[in-house]
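Here are the chains, one letter per residue:
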Amino acid sequence: MLSVILILSAALFFTGVINRTKSILTGRKGPGVLQPVKDIIRLFKKGVVYSTTTSFIFQAAPTIYFSSVIMAMLVVPFGQSKGLISFQGDFIFFAYVLALGKFFSIISAMDTGSSFEGMGASREALYSMFAEPAFFILMGSMALLTGQTSFQEIFADLHLGSPISYALAMLAAFVVGMVMMIENSRMPIDDPKTHLELTMIHEVMILDNSGFDLGLILSAGLIKFAIYGALIVNLFIGMFPYEYTIPMFFAIQVMAAVITGGIESFMARFRMSHNAQFIFALTSVSLLIFFGVLMLLGKFI
Amino acid sequence: MKHATIVNNQTIPVSEIPEISYDEFFELNAGFITESVETHCVNYFGYPAGEMTKLICCIADDLHHVIYVSSCRVNPTGDLPSLSVNLFCFEKFEREIHENFGIGFTGHPWLKPLRYAHNRKDKTQTIANYPFYTIQGEELHEVGVGPIHAGVIEPGHFRFICNGEQILHLEIQLGYQHRGIESLLLSRSKLSEQVQIAESIAGDSVAGHTLAFSSVWESLCGFNATEDIHFSRTLALELERIAVHTGDLGAACADVAYQLGSAVFGRLRTPIINFLQEWCGNRLGKGLIRPGNNTFPFTPDLSKRLTEVLHVFEYQFIEMNDELFSMPSALSRFERTGSVSLENMVSIGTVGMAARSSGLKRDIRSSHPHSLYGTLQHEPIVKRHGDVYSRLQLRKQEVPQSITYIRELMTSVPEYHPEPVPMGPLAPGSFAISLVEGWRGEICHCAVTGNDGKLLIYKVKDPSFHNWMALAMAVRNNEISDFPICNKSFNLSYCGHDL
């Protein structure tokens, strides 16, 4: 329960902090930290316009996408406190319930029949597919190291090992951080600020969504960010008492947002053809963690 | 002699342009273009002369600093052999003549409508039934962008044929912006109205187009502009170049999602256009250039202000460029993206900045100097690779060059002549041409007057007219996601093309 409250409260400011960082770093005044949330509230008050070429899939997809993100949020633990749902192998559930939401957002983009949205959908599908091995090799290695198969038990056991497990946690934080960028379509994979349909990935898929549906998709985006932030936090907090871990949670979330803002200010987006290489490189970092675990367990050589 | 030889901004009687048969006309102009790369077609147009149509072709020779003008009289109902068969640079001109007068050109690759002029010959050709090039194939898909775009820009339709992410072919369909500039200029009788129309040909080249219009007008009236008029015009043209180049660098940064560059270049453009406002009351320089008159004299106060503005600007501009061009992630987007070979540029007849980025030295400021460029001894900057990086590098280097020229000009500000010499009437039965190097490239205005001393035809050619084809060539075999950055690196004008 605690994790749900913390993730929702982090979701309120995460994107706002990114935008604020970007505006400060580039010398602009910029919107307030709560602006993304205000925008979503505005959208929730609006009606929805459906294109005549779309079917029921397009109407159902935003709701399914939103609920998939909520479901994923429920399995994320926080230190000693389990998520609302916790069972053996829940990290597989986590990955595939998010994939289900993504699948629906992809077919709803195809449903509009727009040439842009089809292009965005194929890009999103490709990059998610490439990111999947990185996440599973990482979680598999963690499961191997700890001998546990649920999020909460893996994270709780992680810190009973040697200091080298902290080194592995650093690498794991990098992988989860980059998966966060890919899954949320941020730089350097995708540019969320662009108005150019031809270079977009995620933004182009939701071009036809409006009003309440768009509000659902955007709020799912905010929560998704905070979920991945929470996973990074979990890699470090272990069994520390709450009075340390809750401030640490917010500190790490803000730090992740500021780093994201910094990357987006001082870097150009990758060329589309380089994205695939970059995402594959993440898998190799995951493999590094895997071999590290094998060495720790003495199963190597 | 089969042609008349004139210099930039010169007026000659129409009777001095020899009228030759179309076969001779064909031979002559094909000869000019094939002889050397230093010649290119600056304008080729037709106008009705009784039952017949008169064609005038102007070829600029950059080496000898002259323009060859030739003419012929043809029957508009007949078919003529097309110059475009071998010389692609005539392709658009022939399409325009075909659209306006119905003259067929046998052997022309595809006589598609160009801009759907209101007075076109065949009114059944409408923008809705434009004949697109198509390829059939299981693995290919078409992407249509526009005419309404996501950004706040002008309308134009782009039709891509792609294999996955790779662009095989791009067709650019324009004409949505057609306002009938050329007919409007003829229909107005007041010079003050005409010059306002000329100012609005392309909003980003106000100084360029107004200067070309004023030069044509003054040349037809036999008016010799004073030193202070030339000074204001040269200065305005260079300020416009600095402002637009800086804005384009910012836009290129925005297209590769580099926030800092986008914000800083965007801000740097402002002091330059704000200075134009201080000078003439309009940030785009509207109202600054008027035929036969120096409406806004350049005072010592303005000179002091401009020195200050440029002092701050130059330092920050160079610093931001050092940052941008040493950043690997940005360079990886710019380098080897959207390359156009020198051969293609020559064959298309590309002009201006885009041509210079591919190693083709075409700059009216040095080849046909006007205003004060003769005294500045301009040496064009030329790049070799013809990719996005080259086009941005060219902007990066042209801005400091323009600043140097402005500083040089300001060392001796000519004295203001408050009493304007009244301009005489237009010379009857004459032809005048003016070439101006705007920031985008060569702007060409031509005028022919009738025997009654009124304008018979006024022809405008913006550099975008040729250069759109260069963009279509640039994106071939590139990723479709790199199209926006290629497009921005050319930054062509829709309304300049559509008129």
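Basis of the calculations
- Residues numbered from 1 in each chain as written.
- Chains lettered and ligands numbered in written order.
- Predicted model: local features only at pLDDT ≥ 70, side-chain atom pairs only at ≥ 80, totals over all residues.
- Helix = DSSP H or I, 4+ residues; strand = E, 2+ residues; numbered from the N terminus.
- Rg over C-alpha atoms; globule rule 2.2 N^0.38 Å.
- Contact = placed C-beta atoms within 7 Å.
- Nonpolar A, V, L, I, M, F, W, Y, C, P; charged D, E, K, R; others polar.
- Pairing = 2+ DSSP bridges.
- Axes fitted to C-alpha atoms, helices over the stretch in contact; angles between N-to-C directions.
- pLDDT = per-residue confidence, 0-100.
- Domains from an automatic or database assignment.
- Buried ≥ 20, exposed ≤ 12 C-beta atoms within 10 Å, placed from the backbone.
- Core = buried A, V, L, I, M, F, W, Y, C linked by C-beta atoms within 7 Å.
- Expected span 1.5 Å × (residues − 1).

A. Spatial organisation of the overall build of chain B. Helix and strand counts for chain B stand at 17 helices and 14 strands. Compactness check: chain B gives a C-alpha radius of gyration of 22 Å against a globular reference of 23 Å for 499 residues, within 12% of the reference. Taken over the C-alpha atoms alone, chain B extends approximately 70 × 60 × 40 Å along its principal axes. Across chain B, every contact between residues at least 6 apart in sequence was considered, and the portion connecting residues at least 24 apart equals 66%.

B. Spatial organisation of the interface of chain B and chain A. Every contact between the two is made by 26 residues of chain B and, on the other side, 25 residues of chain A. Mapped onto the side of chain B that touches chain A, the elements with two or more residues apiece are strand E9 (140–145), helix H7 (259–280), helix H9 (328–334) and helix H16 (483–490) of chain B. With 5 residues, the top contributor of residues to the side of chain B that touches chain A is E9 of chain B. Residue classes in the side of chain B that touches chain A are distributed as 13 nonpolar, 7 polar and 6 charged.

C. Structural context of the sheet that holds strand E13 (residues 442–449) of chain B. Residue and element names in this part refer to chain B. If you trace the 4 strands from one edge of the open sheet to the other, you get E2-E12-E13-E14, paired in antiparallel fashion. Across the chains shown, the open sheet's two edge strands, defined by having one partner strand only, are strand E2 (11–13) and strand E14 (455–461). Shown here is a sheet whose adjacent strand axes are inclined to one another by a mean of 15°, direction ignored. Its contacts with the sheet place helix H5 (residues 206–221) against E2, strand E12 (430–437) and E13, and it is angled at close to 150° to E12.

D. Up close: the confidence of the model for chain B. Per-residue pLDDT for chain B has a mean of 89; in total, 100% of the residues score no lower than 70. On the interface metric, ipTM, the complex scores 0.86, and its pTM is 0.91.

E. Seen up close, the domain arrangement of chain B. Residue and element names in this part refer to chain B. According to the domain assignment, chain B contains domain 1 (4–114) and domain 2 (181–498). On the domain 2 side, the residues contacting the 25 residues of domain 1 number 29 residues. For the side of domain 1 that touches domain 2, the secondary structure elements donating two or more residues are E2, strand E4 (39–49), strand E5 (52–61) and strand E6 (66–74). Of all the elements, E4 adds the most residues to the side of domain 1 that touches domain 2, at 6 residues. When its residues are assigned to classes, the side of domain 1 that touches domain 2 shows 15 nonpolar, 8 polar and 2 charged.

F. Quick look at the pairing of E4 of chain B. All names here are of chain B. Most of E4 sits out of view: 8 of its 11 residues are buried. Inspection of the sheet shows E4 paired to E5 by 10 bridges, in the antiparallel sense. Residue pairing across strands places Tyr 44 opposite Cys 57, the latter belonging to E5. The loop that links E4 with its antiparallel partner E5 comprises 2 residues; one of these, Gly 50, has a positive phi angle of about 70°.

G. Region of the structure containing the nonpolar core. Grouped together as the largest cluster of nonpolar side chains are 227 residues, with contacts concentrated most on Ile 7, Phe 14, Val 179, Ala 226 and Ile 227 of chain A together with Cys 58 of chain B. Taken domain by domain, this core gets at least three of its residues from each of domain 1 (4–114) and domain 2 (181–498) of chain B. In this structure, Ile 7 of chain A is in contact with Met 73, Val 76, Ile 223, Ala 226, Ile 227 and Ala 230 of chain A, ignoring residues within four places of it in sequence.

H. Main features of unusual backbone geometry. All names here are of chain B. Even without a glycine there, the phi angle at His 65 is positive, about 60°. Examined against the element boundaries, His 65 turns out to sit in the loop between E5 and E6. Even without being glycine, Arg 336 reaches a positive phi, approximately 55°. Counting through the fold element by element, Arg 336 comes out in the loop between H9 and helix H10 (342–348). Among the residues examined, Arg 336 registers 13 C-beta atoms within 10 Å and is labelled partly exposed.

I. Representation of H7 of chain B. Here H7 of chain B is 22 residues long and its end C-alpha atoms lie 32 Å apart, about the 32 Å a rise of 1.5 Å per residue gives. Positive phi shows up at Gly 281 of chain B, right after H7 of chain B, with a value of about 90°.

J. A look at H16 of chain B. All names here are of chain B. Counting buried residues in H16 gives 8 out of 8 residues, a clear majority hidden from the surface. Along H16, the residues classified as buried are Phe 483, Pro 484, Ile 485, Cys 486, Asn 487, Lys 488, Ser 489 and Phe 490. Buried residues in H16 make contact with strand E11 (166–173), helix H6 (227–255), H9, helix H11 (352–357), helix H14 (388–410) and helix H15 (464–474). Positioned one or two residues after H16, Asn 491 has a phi angle of 45°, which is positive.

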